Amino acid sequence: MMRPRITPRKNAAPQEFDGWLLWPALALLMLGLVMVYSASIATAEGSRFTGHQPAYFLVRHGVFVVIGLIAAVVVFQVPLRVWQQAAPWLFIAAFVLLVLVLAPHVGRSVNGAQRWLPLGPVNLQPSELMKLFAVLYAADYTARKLADMDSLRRGFAPMAGVMLMIGFLLLREPDFGAFVVIICIATSILFLGGINARLFGALVVVLLAGFVILIWTSPYRRERIFGFMDPWQDAYGKGYQLSHALIAFGRGEWFGVGLGASVEKLFYLPEAHTDFLLAVIAEELGFVGVATVIILFALVVQRAFAIGRQALQLDRVYAGLVAQGTGIWLGVQAFINMGVNMGLLPTKGLTLPLMSYGGSGIVVNCVALSILLRIDYENRQLMQGQQV
């Protein structure tokens, strides 16, 4: 008996979302919400600043997640060409904010770093905005200068000058971690845009030499490097954070000590709900929990590159560079944060994207992923149009 042949409808609506991107991103957001509460409950309960409210950080983080999701829904409605037209102006606006945060009596200083602009009950961190706008601007610059990518003067030098100015402001805060991420974003997008191989090689050498000089000429950065190499040599001093993060990883073993049962978060591990959230995940959920987080991030980054590659195949250069630049940003920042938590990299003040406590970072991450989903949506619409 012959089976009836089913022919697809030509005007069937294309799938609007990439599930392999959307669901891992939402899973990271929700897991982050749970783990921020678990990691912060003791700190919140023991602090006068929080009014001894155990759910203080959970409520604030939850509000920012909701704001981020609402912003993501709104941003998804904006065509990518609008972002391309606005990219230079957004970049200038973020640059102005970076200048303002350094102005006396304007920026807010915490733990010796002046990185925040107080806006009533919340603080805005301009460096988080700059990461997103650096992706949009670098992609726009590269798309416009494709014919000049072999030229030092017309292709490379203007972008290098802009990044030096941004780096100067970030190092004044200081925010070395954000500086590294933004430099990685800009240089990677230039590389993807086809910059001359010799120019790129020279750039890498200059950057490495610059990082060595910046570290060697700064006493506190030097101490972090030495503390990273052997945290147990001064476990109560410069190696304190890393030594307790490693203890948390050791206690977690395969399946963890159980959700909420971490000991290190009880005033031993500093910044447990921000920079060292992964260490709490390792202690409470074990190797399985950490591996799950890594796999979810790997899926998000892989889908960002796949969406970007598809856009480039459709001759959408700007869209492709934005998608892959976003993947580089999230991948590099997650890698640095994980490396710091595991003792593979020196301690840096970088949060885990989509998971760590922090209003500006969460909202900007949600907006970036929404732009990525918009690129995928426009790719699908274009492919559907070509098929019809």
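Residues numbered from 1 in each chain as written. Predicted model: local features only at pLDDT ≥ 70, side-chain atom pairs only at ≥ 80, totals over all residues. Heavy atoms only, no water.

### Observations regarding the confidence of the model for the protein
- The share of residues in the protein with pLDDT of 70 or more is 93%, and the mean pLDDT across the chain is 88.
- Within the protein, helix 10 (residues 277–313) carries the highest mean pLDDT (97), whereas helix 8 (residues 219–229) carries the lowest (68).
- Within the model, the stretch residues 1–13 combines pLDDT values under 50 with three contacts to residues more than four positions away or in other chains. (pLDDT = per-residue confidence, 0-100. Helix = DSSP H or I, 4+ residues; strand = E, 2+ residues; numbered from the N terminus. Contact = heavy atoms within 4.5 Å.)

### Focus: the packing of helix 6 (residues 176–192) against helix 7 (residues 197–216)
- Running from N to C, helix 6 and helix 7 cross one another at 175°; their axes reach a closest spacing of 12 Å. With respect to each other, helix 6 and helix 7 are oriented roughly antiparallel. Judged by residue contacts, F176, F179, V180, I183, T187 and F191 of helix 6 engage F200, L203, L207, F211, L214 and I215 from helix 7.
- Classifying every residue of the contact of helix 6 with helix 7 by side-chain character gives eleven nonpolar, one polar and no charged. (Axes fitted to C-alpha atoms, helices over the stretch in contact; angles between N-to-C directions. Parallel < 35°, antiparallel > 145°, perpendicular 65-115°, else oblique. Nonpolar A, V, L, I, M, F, W, Y, C, P; charged D, E, K, R; others polar.)

### Some remarks on the pattern of salt bridges
- Scanning all chains against the criterion turns up nine salt bridges.
- A salt bridge links K265 to E284; the shortest N-O distance between them is 3.0 Å. Of the two residues, K265 is situated in the loop between helix 9 (240–252) and helix 10 and E284 in helix 10; the sequence distance between them amounts to 19 residues.
- On the basis of relative accessibility, which here comes to 5%, the residue K265 falls in the buried class.
- Take E284: its relative accessible area is 1%, and that puts it in the buried class.
- Members of the salt-bridge network, linked through shared partners, are R316, R374 and E378. (Salt bridge = Lys/Arg side-chain N within 4 Å of Asp/Glu carboxyl O. Buried < 20%, exposed > 50% of the residue type's maximum accessible area, 1.4 Å probe, protein only.)

### Section: a nonpolar patch on the surface
- Taken together, W89, I92, V96, L100 and V106 make up a surface patch of nonpolar side chains, about 480 Å² in accessible area.
- By relative accessible area, V106 is classed as partly exposed at 34%. (Patch = residues over 30% accessible without salt bridge, like charges linked within 9 Å, V, L, I, M, F, W, Y side chains within 5 Å. Areas by Shrake-Rupley, 256 points an atom, 1.4 Å probe, with all protein chains shown as cover.)

### As for the pairing of strand 2 (residues 113–119)
- As defined by bridge partners, strand 1 (residues 108–110) adjoins strand 2 across three bridges and the pair is classed as antiparallel. Bridging across to strand 2, S109 finds its partner in Q114.
- The loop that links strand 1 with its antiparallel partner strand 2 comprises two residues; one of these, N111, has a positive phi angle of about 55°.
- In the sheet, strand 2 pairs with strand 3 (residues 122–124) via three bridges, with the strands oriented antiparallel. Within the sheet, the bridge partner assigned to L119 lies in strand 3 and is V122. (Pairing = 2+ DSSP bridges.)

### Some words on the nonpolar core
- Among the nonpolar cores identified, the biggest contains 104 residues, and L132, L136, V293, W329, I371 and I375 are the most heavily contacted of them.
- With 14 residues, helix 10 is the largest single contributor of residues to this core.
- With near-sequence residues (within four places) excluded, I375 lies in contact with L80, I307, A311, R316, A319, V322 and A323. (Core = buried A, V, L, I, M, F, W, Y, C linked by side-chain atoms within 4.5 Å.)

### Some points on the sheet that holds strand 2
- One open sheet holds the three strands; their spatial order is 1-2-3, and the pairing between them is antiparallel. Two strands in the sheet have a free side with no partner beyond their single neighbour: strand 1 and strand 3. Sheet twist, expressed as the mean angle between neighbouring strand axes with direction ignored, is 50°.

### Considering helix 1 (residues 19–45)
- Across its 27 residues, helix 1 extends 38 Å between first and last C-alpha, which sits within 8% of the 39 Å expected from 1.5 Å per residue.
- The sharpest bend along helix 1 measures roughly 40° and falls at A39.
- In this structure D18 caps helix 1, since a side-chain oxygen of it lies 3.0 Å from the backbone nitrogen of W20. (Expected span 1.5 Å × (residues − 1). Bend = angle between axes of the 7 residues up to and from the residue. Polar contact = N/O pair within 3.5 Å; in protein donor to acceptor, adjacent residues only side chain to side chain.)

### Some thoughts on unusual backbone geometry
- Omega for the bond connecting E173 with P174 falls within 30 degrees of zero, at -10°, which places this linkage in the cis form.
- For P174, the position within the fold is in the loop between helix 5 (152–172) and helix 6.
- One non-glycine residue, H105, lies in the positive phi region at around 65°.
- Looking at the element boundaries, H105 is found in the loop between helix 3 (80–101) and strand 1.
- Under the relative-accessibility criterion, H105 is labelled exposed at 86%.

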